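Breakdown of the fold
Here are the chains, one letter per residue:
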Amino acid sequence: MNKYIYRFTLVLFGLFWLMPLHAASTQNLDIYQVMQRVLDRYPLLKISEYDVARAAEQKQQVESSLGWILQANTGLKHDLSAFGTPSDTMDVNGSLSRRLQSGSTISVTGSYRYEDSAFVFSSAFPNPFTTTRLDLNYRMPLAQGSGNPLYQQGIISAEAGHELAQANMELTRINLAEQVKDLFYGLALTRIRLDNAMQAVKRTRKLEKYILSNVKLGLLDKKDRLQVQAQLNNTRADVSNIQVQLNNQLRLLNRLLQDDWNQKTNPVLLKPGNKNFATEQLIQMALDYHPAIRASRAKIKIAESKIASARDSKKDNLDLVLSVGTRATNGDSNTGVIKASDWAGSVSLEYKHLFDEKGVSSEYRQAQLDKNIALQELNKNEDDLRYNISGLVSEIYAARKAVAAALRKEKSEAKKLSEAEQRYRTGRADIAQIIQFQNEYSFARLAYQTRKVELNNRILALKIITGQFWDELNNRHGVEK
């Protein structure tokens, strides 16, 4: 029985041992693949897309203000008439109205009334009787509301609001891309540091092996072995520290990718190329593309729309009202059946003045301040783009030179280390010098790899800020599909 339990325990242990190995399999991804996965999965972008869809509905609401409106009511009533006698009444009323783009309002109204009184004031009056009315009405604003600024500015504001939501969504995407970019290249640097440290461990262990064999033969002093062991302990400690940092960066990246927390990712660096950059052309490209600029311009449109609406609200109300219709009364009286009908018409002017204009004036001043703020924001964003692009172009050219210089330095240190190792084997160099040269070579190798990553980082930052990265990403995504 114990034998079976022992075997079962071994099987379970093996399964648990294999599971993390499977989960921790390494995936090789370049920056475009990482970015596409983040864009497809990250919830914050979905929220921004909902905001855009929500803003698009605002225009539908404004356009619906020009639609036809049907109103109707009906009711029965038992009450005392004007003569103090009981009376039964039924009323049916209805209207169909619509505001035109010009600001005028057209409506058709009608009513039907049936009345039956217990007492008739005169035998000549019909009882019961019905009354019908039908009118065509036209109201034209001559001052406030002329040209329907509420609708016109509402459409402009709704479209600008949609542009603002779209720009904010793209700003969210850019901010997320910057975060992914820094994390991706930070992870690449950490992996380079880890690889460099592990190579240093490998070189030191190789040197230790050589020293141990010669110490046994009595050709080298034990102090050489102690120096190498100290160097080996230092490099192993570096490996452990870098591994902790790497794990932290991987968890952050997995959070963005919505992957398992222990998923291993190996950043794949692409060749940066030697393309020349026209600074002024890139600045103009960024000014035309960047969502921060479009967001500021949309805010200006919204503020100008509010200014126009507030300016109209400060006007007095002066409306010309035209009406034409028909009237008809039918009923039975003691003298016979009564049927009377005629047409009706009217022309009138309606005027209204608001003495307390503090609220309207405050709304106007707020809209002016909103516009001034948006203008200042626009100027700041344009200046920031100019300086950022000019700075990135200069940094890219400087980084290219730094990469070339670091490569020459690495080759020189590799040659120096190789020569020192040969001299050490012939007794013309000591162990301290070998360790020093190994460290200098490690620093040179790390510096070269670091400069390449920094160059990639700056080029990608320039592509993101000018919008080129998103075109490249869409093209790659389309090819992969």
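Now for a look at the structure at hand. (Residues numbered from 1 in each chain as written. Predicted model: local features only at pLDDT ≥ 70, side-chain atom pairs only at ≥ 80, totals over all residues. Heavy atoms only, no water.)

1. So, the overall build of the chain
How we decide: What counts as a helix is a DSSP run of H or I of at least four residues, what counts as a strand is a run of E of at least two, and both are numbered from the N terminus. Burial classes follow relative accessibility: with a 1.4 Å probe on protein chains only, a residue under 20% of its type's maximum area counts as buried, one over 50% as exposed, and anything between as partly exposed. Residue contacts are counted whenever heavy atoms from the two residues lie within 4.5 Å of one another. A 1.4 Å probe and the Shrake-Rupley method give the accessible areas. Residues count as covered only by the protein chains that appear here.
Helix and strand counts for the chain come out as 10 helices and eight strands. The buried share of the chain, taken over its 481 residues, is 36%. In the chain, the proportion of contacts linking residues at least 24 apart, taken out of those at least 6 apart, comes to 78%. Carbon and sulfur atoms provide 55% of the accessible area of the chain, an area that totals close to 28800 Å².

2. What to know about a positive patch on the surface
Test applied: For patches, a residue must show more than 30% relative accessible area and have no salt bridge; joins then use 9 Å for like charges and 5 Å for nonpolar side chains, namely Val, Leu, Ile, Met, Phe, Trp and Tyr. Salt bridges are defined as contacts in which a side-chain nitrogen from Lys or Arg sits within 4 Å of a carboxyl oxygen from Asp or Glu. Working convention for charge: Lys and Arg count positive, Asp and Glu count negative, and His plus the chain ends are omitted. To locate a charge, take NZ of a lysine, CZ of an arginine, CG of an aspartate or CD of a glutamate.
Together, R311, K314, K315 and R365 give the surface a local cluster of positive charge. Examined against the element boundaries, K314 turns out to sit in the loop between α7 (291-313) and β7 (317-333).

3. Concerning the packing of aromatic side chains
Under the convention used in this document: The pairing test for Phe, Tyr and Trp rings, Trp by its six-membered ring, is centres within 6.5 Å, and the orientation test on the planes gives stacked under 30 degrees, edge-to-face over 60, and tilted for anything in between. We call a charge positioned above a ring when the Lys NZ or Arg CZ atom is no farther than 6 Å from the ring centre and deviates by at most 35 degrees from the ring normal.
This model, assessed by the stated rule, comprises four aromatic pairs. Taken together, the aromatic side chains of Y32, F469 and W470 make up a single cluster linked through ring pairs. Above the ring of W470, the side-chain terminus of R173 is found at 4.0 Å from the ring centroid. Sitting above the plane of the F437 ring, K416 keeps its charged end 4.7 Å from the centroid.

4. Here's the deal with a nonpolar patch on the surface
A cluster of nonpolar side chains, namely W68, L70, L96, V108, L134, L136, V324 and W343, defines an oily patch on the protein surface of about 850 Å² accessible area. Relative to the assigned elements, L96 resides in strand β3 (residues 86-99). Residue class for L96 comes out partly exposed when judged on its relative accessible area of 35%.

5. A word on the environment of G273
In this structure, G273 sits in the loop between β6 (264-268) and α6 (279-289). By relative accessible area, G273 is classed as partly exposed at 37%. On a C-alpha basis, the gap between G273 and R400 in space is 9.8 Å, while along the polypeptide they are 127 residues apart.

6. Some words on the pattern of salt bridges
If charged atoms from side chains of opposite charge come close, those side chains can pair. One pass over the full model with this rule turns up 23 salt bridges. A salt bridge links E382 to R297; the shortest N-O distance between them is 3.9 Å. Highlighted residues: E382 in helix α8 (residues 358-425) and R297 in helix α7, separated in sequence by 85 residues. The partly exposed category is assigned to R297, whose relative accessible area is 37%. Of the charged contacts in the structure, one is a salt bridge between R451 and E454, with a shortest N-O distance of 3.8 Å. Taken together, the positions of R451 and E454, both in helix α9 (residues 431-466) and three residues apart, correspond to about one turn of that helix. Taking relative accessible area as the criterion, R451 reaches 30% and is therefore assigned partly exposed. A relative accessible area of 28% places E454 in the partly exposed class. Linked by salt bridges that have partners in common, K409, E413, K416 and E440 make up one network.

7. A look at the nonpolar core
Quick reminder of the rule: Nonpolar cores are built from buried Ala, Val, Leu, Ile, Met, Phe, Trp, Tyr and Cys residues. Side-chain atoms within 4.5 Å join them into one set.
With 37 residues, the main nonpolar core has I31, V34, M35, V38, V180, F469 and W470 as its most contacted residues. Residue assignment for this core shows that the elements contributing at least two residues are α2 (31-41), α4 (149-216), α5 (222-257), α9 and α10 (468-480). Looking at this core, the element that brings in the most residues is α4, giving 13 residues. When sequence neighbours within four positions are dropped, the list of residues in contact with W470 reads M35, L39, R173, I174, A177, Y289 and I464.

8. Some thoughts on α9
The condition that has to hold: How far a helix is expected to stretch is found by multiplying one less than its residue total by 1.5 Å.
Taking 1.5 Å of rise per residue, 36 residues should cover 52 Å, and α9 covers 53 Å from first to last C-alpha, within 8% of that figure. G467 lies just past α9 and shows a positive phi near 90 degrees.

9. With respect to the environment of S323
Applicable threshold: In protein, a polar contact requires one atom able to donate a hydrogen and another able to accept it; more generally it is a pair of N or O atoms within 3.5 Å, and residues adjacent in sequence count only if both atoms are side-chain atoms.
You can see S323 is positioned in strand β7. As for S323 and R139, which are separated by 184 residues in sequence, their C-alpha atoms are 8.7 Å apart. Among the polar contacts made by the side chain of S323, one reaches the side chain of N137 at a distance of 2.7 Å.

10. Overview of unusual backbone geometry
One non-glycine residue with positive phi stands out, namely N148, at about 55 degrees. Mapped onto the secondary structure, N148 falls in the loop between β5 (129-141) and α4. Phi angles above zero are rare outside glycine, and Q258 is one such case at about 60 degrees. Summarising the element assignment, Q258 is placed in the loop between α5 and β6.

11. Looking at α8
One turn of the α-helix equals 3.6 residues, which is why residues spaced by three or four share an orientation. Between its terminal C-alpha atoms α8 stretches 94 Å, which fits the 100 Å expected from 68 residues at 1.5 Å a residue. Of the residues trailing α8, G427 is marked for its positive phi of about 80 degrees.

12. With respect to the packing of α6 against α8
In a pair of packed helices, the angle between the axes and the distance between the axes together describe the arrangement. Worth spelling out the cut-off: Here, axes are lines fitted to C-alpha atoms. For helices the fit covers the stretch in contact, and angles between N-to-C directions go from 0 to 180 degrees. Put simply, angles under 35 degrees are roughly parallel, angles over 145 are roughly antiparallel, angles from 65 to 115 are roughly perpendicular, and the rest are oblique. By definition, turning the near helix anticlockwise from the far helix through less than a right angle yields a left-handed crossing, and turning it clockwise yields a right-handed one.
Where α6 contacts α8, the axes come no closer than 9 Å and their chain directions differ by 140 degrees. In terms of orientation, α6 and α8 fall into the oblique class. In this structure, α6 crosses over α8, and the sense of that crossing is right-handed. Mapping the contact onto sequence places T279, L282, I283, A286 and L287 in α6 and E382, L385, R386, I389, S390 and V393 in α8.

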